[in-house]
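# Working through the structure, step by step
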Amino acid sequence: DTIKPTIILVFGATGDLAKRKLFPAFYNLYLDGRMPEKFEIIALGRAKKDDETYRSDVSNNLTAFSRNKITSDKAYQKFASHITYLQNDIDQEESFQVLKLKLDAIDLSFGERGNRLFYLSIAPSLIATISNNIKKLDLAANPEQDRIIIEKPFGYNKSSAELLNKLLSETFEEKQIYRIDHYLGKETVQNILAFRFGNSMFEPLWNRNFIDSIQITVAEEVGVEDRGGFYEGAGALRDMIQNHLMQILTMVAMEAPNSLQADEIRNRKADVLKAIRRITPEEVKHYTVRGQYDKGSIKGKPVPGYLKEKGVASNSNTETFVAMKFYLDNWRWQDVPFYVRTGKRMKEKQSSIVIQFKPVTHSTFSYGKEGMMPNRLIINIQPAMDIRLQFMTKKPGLSLSLKPAEMVFDYFSCSTQSPEAYETLLLDALQGDPTLFMRSDQVEEAWDVVTTIQEAWENDKFSSLYQYEAGGWGPEAANELLARQGHTWASNTLNKVEQEE
Ligand code: BG6
């Protein structure tokens, strides 16, 4: 589909996200012929820079971070000619007047009023000022054409998210606001819907009658890197659970949408968030485990503990690991535990979903030394991108004993290169499709789920924060959380479990 001429305004254009994700995404969309025929990118930042310097910075960043590299200077210049840099003081109205003139000039060159896509890649504390200035100068006056993308974290807790929603609603209609959660742009996360609702054989089993428990893991090898200042005020619950993990959970647990219409899908997801059982402060200890990484080693390389990281207080009680259990109070999922965990400085980078089915009703066979393995469906989100079905099969040989086997669908076997999450999401925003973005009620509902936990942890400072060795799978308490119900964290491939033969 052709997209109307568009002006993209990137606030925070000299920041990390712009460097690593946004410009590589624009560049790759451009190479794929997916950018609008006419477009201009205005990069806004506090520093003084001319266009040439900024374009050459972008070129260096593409070399470092883009999946498609620059093949020739000439090819790059064509893309770069769409980018201009504008020095901007966010709290100065004059800066926005200069911007307005520039927007008008670009519209004139388009020969029509173009669409406008505002990308706020800036600290959350600056959103209000920018939004107010956009309103004052009427820069986003056309609800059909103008959109704003807001990065996470969206608020700090439920009340701040509500305030932020209210504030944005003074300038924008809900349909103009695109709250991004980049996990929703990941190929394998989107495939959850295709897998569940594009096939007839899985959905009949997708409920409490057949499913015993569900696990969602998002493990990272990296530590806080140079984001200590930000992370200190966030922690894993706010940084990962409230958004990425709960969004994955909604995709796994939602009812079938009637259509792919944006609000239809978003309603079904909101239903899941509403169904999540709210726990009492007394239950928090029983349902959650929080950890902080200590020194250790990742792939043989020694790494410091969290308290030694730049920008981190030496007595910090910020969690870098969370494991917890959710229940959904509805017909489909009553009493099925959803275990989720996420952590930094874990053994390996791995995001996966494990659907564990109930055991056979009556056990007829004898099993090898590992015994019976439950049927599992494993969806590997990253870096492995595959779907695995694990089942028992006859062990070849004269005796009738069983062993686990696995059927694998590997994404890489049908595609050599997947688009990055930001490419998918930016293209959707350019086209005006909000399906994969979060609506205000979803964000507030997700905050509501974690509120009690946030409060309990704040009031109960150090007592329940476990140290875990960098390079492992988190504190032992995370294993105990599952062991209480006879479960263990499952490995994401059979190879890792199967030592035999
Ligand atoms: C971000 C978090 O939203 O997601 C980071 O703020 C985290 O702390 C990152 O590292 C993980 O994203 P990905 O795509 O690398 O799994």
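Please refer to the structure placed before this passage.
Residues numbered from 1 in each chain as written. Predicted model: local features only at pLDDT ≥ 70, side-chain atom pairs only at ≥ 80, totals over all residues. Heavy atoms only, no water.

Around the ligand, the neighbouring residues are Lys 152, His 182, Tyr 183, Lys 186, Glu 220, Arg 227, Asp 239, Met 240, His 244, Lys 344, Lys 349 and Gln 382. At 2.5 Å from an oxygen atom of the ligand is found a side-chain nitrogen or oxygen belonging to Glu 220. Relative to its free-state accessible area of 400 Å², the ligand is covered by the protein chains to the extent of 81%. The element contributing the most residues to the shell around the ligand is helix H9 (residues 235–253), with three residues. The class makeup of the residues in the shell around the ligand is two nonpolar, three polar and seven charged. (Near = heavy atom within 4 Å. Polar contact = N/O pair within 3.5 Å; in protein donor to acceptor, adjacent residues only side chain to side chain. Areas by Shrake-Rupley, 256 points an atom, 1.4 Å probe, with all protein chains shown as cover. Helix = DSSP H or I, 4+ residues; strand = E, 2+ residues; numbered from the N terminus. Nonpolar A, V, L, I, M, F, W, Y, C, P; charged D, E, K, R; others polar.)

It is worth spelling out the pattern of salt bridges at this point. Counted under the stated rule, the structure contains 34 salt bridges. Of the charged contacts in the structure, one is a salt bridge between Lys 21 and Glu 420, with a shortest N-O distance of 3.7 Å. In this pair, Lys 21 is assigned in helix H1 (residues 16–31) and Glu 420 in the loop between strand S16 (401–410) and helix H12 (421–431), connecting sequence segments 399 residues apart. Given a relative accessible area of 31%, Lys 21 falls into the partly exposed group. Here Asp 263 ties to Arg 266 by a salt bridge, and the two come within 3.5 Å at their closest N and O atoms. (Salt bridge = Lys/Arg side-chain N within 4 Å of Asp/Glu carboxyl O. Buried < 20%, exposed > 50% of the residue type's maximum accessible area, 1.4 Å probe, protein only.)

The six strands lie next to each other as S3-S2-S1-S4-S5-S6, forming an open sheet whose pairing is parallel. Both edges of this open sheet fall to strand S3 (83–87) and strand S6 (177–179), since each of them pairs with a single strand only. Each neighbouring strand pair of the sheet contributes to a mean axis angle of 20°, computed without reference to strand direction. Two strands pair when backbone bridges link them, and strand S1 (residues 6–11) and strand S2 (residues 39–45) are joined in this way by six bridges, in the parallel orientation. If you follow Thr 6 over to S2, its bridge partner there is Phe 39. Each of S1, S2, S3 and strand S4 (115–120) touches helix H4 (residues 93–110); the most contacted strand, S1, lies at about 155° to it. (Pairing = 2+ DSSP bridges. Axes fitted to C-alpha atoms, helices over the stretch in contact; angles between N-to-C directions. Contact = heavy atoms within 4.5 Å.)

The subject of this paragraph is helix H10 (residues 262–275). Counted at 1.5 Å a residue, the expected span for H10 with its 14 residues is 20 Å, and the 20 Å between its end C-alpha atoms agrees. With ten of 14 residues buried, H10 lies mostly within the body of the structure. For H10, the set of buried residues is Ala 262, Glu 264, Ile 265, Arg 266, Arg 268, Lys 269, Ala 270, Val 272, Leu 273 and Ala 275. For H10, the elements touching its buried residues are helix H7 (187–197), H9 and helix H13 (440–459). (Expected span 1.5 Å × (residues − 1).)

As a further point, take the packing of H1 against helix H2 (residues 51–65). Two numbers describe how H1 lies on H2: the axes approach to 9 Å, and their chain directions differ by 95°. With respect to H2, the axis of H1 lies roughly perpendicular. Packed against H1, whose contacting residues are Lys 19, Arg 20, Phe 23, Pro 24 and Tyr 27, the element H2 presents Tyr 54, Val 58, Asn 61, Leu 62 and Phe 65 at the interface. (Parallel < 35°, antiparallel > 145°, perpendicular 65-115°, else oblique.)

This part takes up the environment of Asn 479. Looking at where Asn 479 falls in the secondary structure, it is placed in helix H14 (residues 476–483). Taking the C-alpha atoms as reference points, Asn 479 and Ala 323, separated by 156 residues in sequence, lie 9.0 Å from one another.

Attention shifts here to the packing of aromatic side chains. Scanning the entire structure with this criterion turns up 19 aromatic pairs. Each ring, one from Phe 23 and one from Tyr 54, has its centre 5.8 Å from the other, and the planes form 70°; the classification is edge-to-face. Pair noted here: Phe 23 is in helix H1 and Tyr 54 is in helix H2, with a separation of 31 residues, a long-range link. Summarising the burial analysis for this pair, Phe 23 and Tyr 54 share the class buried. Ring geometry for Tyr 30 versus Phe 79: centroids 5.3 Å apart, planes at 50°, classification tilted. In this pair, Tyr 30 is assigned in helix H1 and Phe 79 in helix H3 (residues 73–80), connecting sequence segments 49 residues apart. Using a relative accessible area of 21% as the deciding quantity, one classes Tyr 30 as partly exposed. Among the aromatic side chains, those forming a connected cluster through ring pairs are Tyr 27, Tyr 30, Phe 39, Tyr 76 and Phe 79. The ring of Tyr 183 is capped by Lys 186, whose NZ or CZ atom sits 4.5 Å from the centre of that ring. Over the ring of Tyr 293 we find Arg 345, and its NZ or CZ is 6.0 Å from the ring centre. (Phe/Tyr/Trp six-rings, centres within 6.5 Å; stacked < 30°, edge-to-face > 60°. Lys NZ or Arg CZ within 6 Å of the ring centre and 35° of its normal.)

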